[in-house]
Amino acid sequence: VLDRTLLYPEGGGQPADHGTLERAGQEFAVVDVQKSGDAVLHKLNQPGLQKGDRVTGKVDMRRRLAHARHHTATHLVHDSAKRILGRHVWQAGAQKSEERARLDISHYRRITEAELKAIELEANRRVMELTAVDTQFLPREEAEKLFGFELYQGGVPPGKQIRVVRVGTDIEACAGTHVTNTGMIGAIKILRTERIQDGVERIEFAAGEAAVRAVQERDDLLAGASGVLRVPAEQLPRTAEGVFEEWKGQAKEIERLKEELARARLRSLAAEAKEWDGLKIVVQRMGKADIDELLKAAALLAEQDCTVLLGSETGKLVAAVGKSGLEKGLKAGAIIKAAAKALGGGGGGRPELAQGGGPNAERLEEALAAGREAMRA
Ligand SMILES: [Zn+2]
């Protein structure tokens, strides 16, 4: 705790300053600053300071300036949003860092792309107007009389005197650190919006050097995509669309070929079916086929008058009985029951088509043998 300090304690959505305290040539890094009642607590990287020591403080100005840029930019983005979207816009929350800031505002619907661009342009125009940022302490009643309750966008501060920050037409009670002229903000780049709750939109943006870095990151993304597709960035949308359409077409073609292949396999299965007592019998492992594939295949084989039991290595079974089998009184449900029992499960269905399965998929061979026996019953 110091008798006075230049370091800003975390508050109002702005992180704490960092810096150093120096005593007789020895430096202590300040890694956090917090307000506790009327006192400001400085957290140091190492112990060693005694009560009564005289220290010289230094603020990490790079960090401070990045926060201040984002803070003053928040006031501008907020006021620009009000101009573009309407006077109903009210600040619902804000958070700044060295790289980003976010502003939550009340708005009854999603902000459109066009509105967002207009807000961004408006905020940048106000930067370029090189407006001085004016801060003054005023008695609360006088400030309220002068500026109304719109002062309290960022919350109502305590105390008889309040600090009023004025950036052009934006006037707020605010204790945060600001740049002294809007020109010091540099560029403001809005990065995204998000609906965080009903009636509250979050706008995320970067200011100053962070805005330049954000744009560079986007350039890298574009360059990466251009490299992959081997076209200049301006041709990316059309090329990407072409590649996507081609991919969709190929996916369809693969689907068609798969079906054709499956049908060819089934034809050869039907041709190799074992004849037994006047019935064509197909009992077959079908790899890891899912239940739909099994059902489809079994139905097609039954159409060719086969009596069928198909099993998948995942423990699924499907049986189907063709016309000749049905005439002999065979029932797909009975075949499935016998086979599924070997897998430790069960199943059932209509005489012509039934499905089942069980947890002991490793006993598939036994299950298929049991099903084959049931076909002779
Ligand atoms: Zn503020």
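Residues numbered from 1 in each chain as written. Predicted model: local features only at pLDDT ≥ 70, side-chain atom pairs only at ≥ 80, totals over all residues. Heavy atoms only, no water.

*Asks:* Can you tell me about the coordination of the zinc ion, naming the residues and giving the values?
*Replies:* Only H71 (NE2), H75 (NE2) and C174 (SG) from the protein coordinate the zinc ion, and they sit 2.0 to 2.3 Å from it. Between consecutive donors of the zinc ion, the numbers of intervening residues give the motif H-x3-H-x98-C. Note that H75 is positioned in helix 1 (residues 61-85) and C174 in the loop between strand 9 (170-173) and strand 10 (188-197), a separation of 99 residues in sequence. Assigned by exposure class, H75 and C174 land together as buried. (Donors = N, O, S within 2.8 Å, 3.2 Å for Na, K, Ca; no water. Helix = DSSP H or I, 4+ residues; strand = E, 2+ residues; numbered from the N terminus. Buried < 20%, exposed > 50% of the residue type's maximum accessible area, 1.4 Å probe, protein only.)

*Asks:* I'd like to hear about the pairing of strand 13 (residues 279-285), residue by residue, with values.
*Replies:* When a strand is regular, its side chains alternate between the sheet's two faces. Pairing geometry for strand 12 (residues 274-276) and strand 13, over 3 bridges, is antiparallel. Its bridge partner being in strand 13, E275 is matched across the sheet by K280. Between the antiparallel neighbours strand 12 and strand 13 lie 2 residues, among them D277 with a positive phi of about 55°. Here strand 13 runs beside strand 14 (residues 306-311); their pairing, made up of 6 bridges, is parallel. Across the sheet, residue Q284 finds its bridge partner in strand 14, namely L310. What joins strand 13 to strand 14 is helix 6 (residues 291-303), and the crossover it makes is right-handed. (Pairing = 2+ DSSP bridges. Right-handed = clockwise from strand over helix to strand, strands pointing away.)

*Asks:* Account for the nonpolar core, with residues named and values stated.
*Replies:* Judged by nonpolar contacts, the single largest core of 27 residues is most densely connected at V77, I105, I185, I188 and F205. At the level of secondary structure, the elements contributing two or more residues to this core comprise helix 1, strand 6 (101-106), helix 2 (113-128), strand 8 (161-167), strand 10 and strand 11 (200-207). For this core, the element with the highest residue contribution is helix 1, accounting for 6 residues. Ranked by size, the runner-up nonpolar core spans 21 residues in total, among them A319, V321, I336 and A342. (Core = buried A, V, L, I, M, F, W, Y, C linked by side-chain atoms within 4.5 Å.)

*Asks:* Now, about the domain arrangement of the protein: what can you tell me, with residues and values included?
*Replies:* Considered domain by domain, the protein is made up of domain 1 (1-59), domain 2 (64-228), domain 3 (231-272) and domain 4 (273-376). For domain 1 and domain 4, the distance between their C-alpha centres works out to 79 Å. (Domains from an automatic or database assignment.)

*Asks:* Run through the environment of V89, naming residues and quoting values.
*Replies:* By the element assignment, V89 lies in the loop between helix 1 and strand 5 (91-96). Once the C-alpha coordinates of V89 and D3 are considered, the two residues, 86 residues apart in sequence, prove to be 40 Å apart. For V89, the contacting residues outside a window of four places in its chain are H78, A81, K82, I105 and S106. (Contact = heavy atoms within 4.5 Å.)

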